[in-house]
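Observations on the three-dimensional arrangement
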Amino acid sequence: MANLSGLAAGSRVINHVVPGWRMKPRVLDSVLISLLLVSGLTSRGQARTSLPGAAQSESQPNATRLKVTHYDIQAELFPATHMLRAKVHVDFVPQTDLASASFRLNSALKVKRAEEPSGKEIQFKQDGLNLTLTPSSPFARDKTDSVIVEYAGALASAEGSPVEDLKLAYIAPEGSYLLYPACWFPVNGPGTDRFSATLKIKVPTDETVIASGKPSAPVRAADGTTYAFQYDKPSFPGTVIAGKYVVQPATAVGADITTYLKPGHEKFSGPYGETAAKALTFFSDKFGSLPSGHLAVVEIDDGTVGGYSAPGLVALASRGLTTPVNQKLVAHEVSHQWWRCLVSPSSPDDAFLDEGLATYSAALFVEATAGEAAFEDTMHQIAIEALTHEDAAPIAQASRLHEYTPEYNSIVYNKGAMVFHMLRWVIGDDAYLKTMRTLTQQYAWKTLSTRDFQKAAEQASNQQLTYFFAQWVDSTGVPQFKRTWAVYRTQNGYQVIGKIQQDLDIFRMPVEIRVYPEYHQPVNERIEMVGTTADFTINTPARPLKVVIDPASRILKMDDQTKTAVLMARADQLVQQQALLEAIKEYQKVLEINKNSSLAHYRIGETLFKLHNYNAAMEEFRAALNGDLEPKWVEVWSHLNIGRIFDLTGQRDRALNEYQKALQTNDNTQGALELANKYTQKPYTEDTRQAATGSGS
Ligand SMILES: [Zn+2]
């Protein structure tokens, strides 16, 4: 899988797990790519960043000045016209006397009227995402107040979305989704202000509605069916999905799961229901059981995020339904039932307690189901992603980054996941799981700050962990280890005496050292490193061949191999952003470290091919064939692309020769052999070009 995922910029991206709604939808879709460019990235691939706290406060100045407690939502969906009509009753408690209250509302939705429960009109103003309500007399501090807001609008595209150019709410005949982060109802403190809700959703009679909470029997009328849901706990029950679904109870034992799939996709019910059940059981066992065991697994369109989790509901985009099951995706979303729905971050700066913890929990599921090697591979991938933008901001300043950007993904999801992984290494498995269970018990239905989390880990482990959080959460920077060692004969074998060094002054971590003796199992040793150097002495039964520092990626660190992977990942991101010339420069940095990197040559070739620079592209594909041939598929795909270039430049015999060489590899990675056969029959042309270069996706 790791190798497969490296093929074409597009296919790599597609094979990459796209877990949460906060992650950019990484589909190779030129429209989306250009949209993403507009949304958050300059042509140089840098994220737009803003001043600390600005991301939240600029559009909602009083997010912390009131606390929403409950929503009563009545909405009607008109798929044929993409229209939503809603009347929402919001209960809230002002934290101070408020002359006006602000909420976030999707700007595709236009408010028609706002009033007090008495019917008295309230003045309102919509400015972009900002909805400001100004009553005739101020909302009084600490006194529960209510407003009723009526609004309507078409949810047909990303227009009006809180995340520029990303559809989070959509109403259409092929299926509708109204995800909570779309702010399709007036939202306060997105992702942090927890609430209960009652929902009444009316849809055409042939549609089914899925939402969080206890359902009532649908009420059918001539002009539509109304589905009602009640969710009593403070959480985030504001996601509604509707459409024509094949509804099947999952057959898995011991879990109450229903799958809602689009007609034709019924075959995924069994495998996905079973995986979700396995994940639910696994996490219940590790973190403590959920108050409600029922889970709906619902398919939504590809036009949005890869997955999203709301209380009792996991939504997966169609592209996430694969054979075999995308285990990481399912486990990631299921784990959000704990890390978001049950316990959520208290501020945007604590966001890694949501996405980072979900990413790591999914890795734990991989460890339990696929074994230690698969887990180490997963953690290695996570480490590379974490390092692609590690210096963008400390985890504790996540609000400086914008969601759905590569930087946010790197810091919050992946470096966040590494923090949990490192914490587990520092305090041990038992204390780690004890910490998790403390969180789900003490903070159930509440918010959790990074300091609360630190306290829980300190109590569970009986260790003072300020140094750990200062280093990994509050700061940027990762160690780069150097080691020197010498071997001595002993009576019973050999002794390795050595020293490790790194540059971070405040560094303090246990470090694993692995020695590989000739013809024997490797020997692991854990040493406590404080500061820039540490000594080690390891006895081995036979002649030591190799000494590796931190072989299982238990520490987020930089080394030559990782550096290459990080440069490759960054360059791939630039390709996705269509910053092709920048991408080539980044691939060239890989060649400065390893001039035989077939993968870097191949990627440069591919990028030059996109730029129609066929001579230079050809040279790079040739260099790829003369390089280290890592990964193996570079060979078949280089021949294929050289063949394409010959076809495009009217040299059919030479093209056929290359396709023949491609076929001889017998390597059908990403359907390479089928393509080689196809081009053998019929020359590759500019017309087939579009389809062919997108073949991986
Ligand atoms: Zn997620």
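Above this text you will find the structure in question.
Read on for an overview of the structure. Residue numbering note: each chain is counted from 1, following its sequence as written. Only residues with pLDDT of 70 or above have their local features reported here, since the model is predicted, and side-chain atom pairs are shown and tallied only from 80 upward, although totals for entire chains, interfaces and linings are computed over all residues. Side-chain figures throughout are based on the complete set of non-hydrogen atoms in the structure, without hydrogens or water.

1. Quick word on the packing of helix α5 (residues 327-335) against helix α6 (residues 355-370)
Axis definition: a line fit to C-alpha positions, over the contact stretch in the case of helices; interaxial angles, taken between N-to-C directions, run 0 to 180 degrees. A helix here means a DSSP run of H or I that spans at least four residues, while a strand means a run of E at least two residues long, and both kinds are numbered starting from the N terminus. Relative to each other, α5 and α6 sit at 130°, their axes nearing to 8 Å. By the angle between their directions, the pair α5 and α6 is classed as oblique. Classified by chirality, the crossing of α6 by α5 is right-handed. Contacts between α5 and α6 pair Gln-327, Lys-328, Ala-331, His-332 and Ser-335 from the former with Glu-355, Ala-358, Thr-359, Ser-361, Ala-362, Phe-365, Val-366 and Thr-369 from the latter. Following the grouping adopted for this structure description, the nonpolar residues are Ala, Val, Leu, Ile, Met, Phe, Trp, Tyr, Cys and Pro, the charged ones are Asp, Glu, Lys and Arg, and the polar ones are all others, Gly among them. When its residues are assigned to classes, the contact of α5 with α6 shows five nonpolar, six polar and two charged. An angle counts as roughly parallel when it lies under 35 degrees, as roughly antiparallel when it exceeds 145, as roughly perpendicular when it falls between 65 and 115, and as oblique in every other case. In a left-handed crossing the near helix is turned counterclockwise from the far helix by less than a right angle, and in a right-handed crossing that turn is clockwise. Note on contacts: a residue pair qualifies if any of its non-hydrogen atoms lie within 4.5 Å across the two residues.

2. Side note on the packing of aromatic side chains
Centres within 6.5 Å are what make two rings of Phe, Tyr or Trp a pair, Trp counting through its six-membered ring; a difference in plane orientation under 30 degrees is then read as stacked, over 60 as edge-to-face, and the rest as tilted. What the rule picks out here adds up to 34 aromatic pairs. Taking the centre distance of 5.8 Å and the plane angle of 45° together, the rings of Tyr-170 and Tyr-177 count as tilted. In this structure Tyr-170 comes out as buried when scored by relative accessible area, which is 9%. On the basis of an interplanar angle of 45° and a centroid distance of 6.2 Å, the ring pair of Phe-283 and Phe-365 is categorised as tilted. Taken together, the residues Phe-283 in helix α4 (residues 269-287) and Phe-365 in helix α6 connect sequence positions 82 residues apart. Remark: exposure states derive from per-residue accessible area (1.4 Å probe, protein chains only) relative to the maximum for the residue type, with buried under 20%, exposed over 50%, and partly exposed in between. The buried category is assigned to Phe-283, whose relative accessible area is 0%. Aromatic ring contacts, followed pair by pair, group Tyr-71, Tyr-180, Trp-184, Phe-185, Phe-195 and Phe-236 into a single cluster.

3. Quick word on the side chain of Lys-167
Structurally, the position occupied by Lys-167 is in the loop between β7 (145-154) and β8 (169-170). Counting rule applied: Lys, Arg positive; Asp, Glu negative; His and chain ends not counted. Throughout this description, the term salt bridge denotes a Lys or Arg side-chain nitrogen within 4 Å of a carboxyl oxygen of Asp or Glu. Asp-301 provides the closest opposite charge to the buried, salt-bridge-free Lys-167, at an N-O distance of 6.1 Å. In contact with Lys-167, not counting residues within four places along its chain, are Ala-156, Ser-157, Ala-158, Tyr-177, Gly-303 and Thr-304.

4. A few points about the sheet that holds strand β18 (residues 294-300)
Strands qualify as paired when DSSP identifies two bridges or more between them. Spatial strand order, β16-β17-β18-β20-β19: five strands in an open sheet with mixed pairing. With partners counted over all chains shown, the strands left at the sheet margins are β16 (246-249) and β19 (307-310), one partner each. For this sheet, the mean angle separating the axes of adjacent strands, direction not counted, is 15°. Pairing of β18 with strand β20 (residues 313-317) involves five bridges; the strand directions are parallel. Each bridged residue has a counterpart across the sheet, and for Ile-300 the counterpart in β20 is Ala-317. Sitting on the sheet, α5 is in contact with β18, β19 and β20, with an inclination near 145° to β20.

5. Points about the coordination of the zinc ion
Donors, by definition, are the N, O and S atoms found within 2.8 Å of a metal, the threshold being 3.2 Å for Na, K and Ca, and water is not counted, so a site can look incomplete. Within the first shell, the zinc ion binds the protein through His-332 (NE2), His-336 (NE2), Glu-355 (OE) and Glu-355 (OE), at distances of 2.0 to 2.8 Å. Any coordination sphere not matching a tetrahedral pattern (four donors, all angles between 85 and 135 degrees) or a square planar or octahedral pattern (four or six donors, opposite donors over 155 degrees apart, other angles between 65 and 115) is reported as irregular. Note that the zinc ion binds four donor atoms; their angles at the metal cover 51 to 146°, and the shape is irregular. Between the donor residues of the zinc ion, the gaps in sequence give the motif H-x3-H-x18-E. On the criterion of sequence distance, the pair formed by His-336 in the loop between α5 and β21 (343-345) and Glu-355 in helix α6 is long-range, its members being 19 residues apart.

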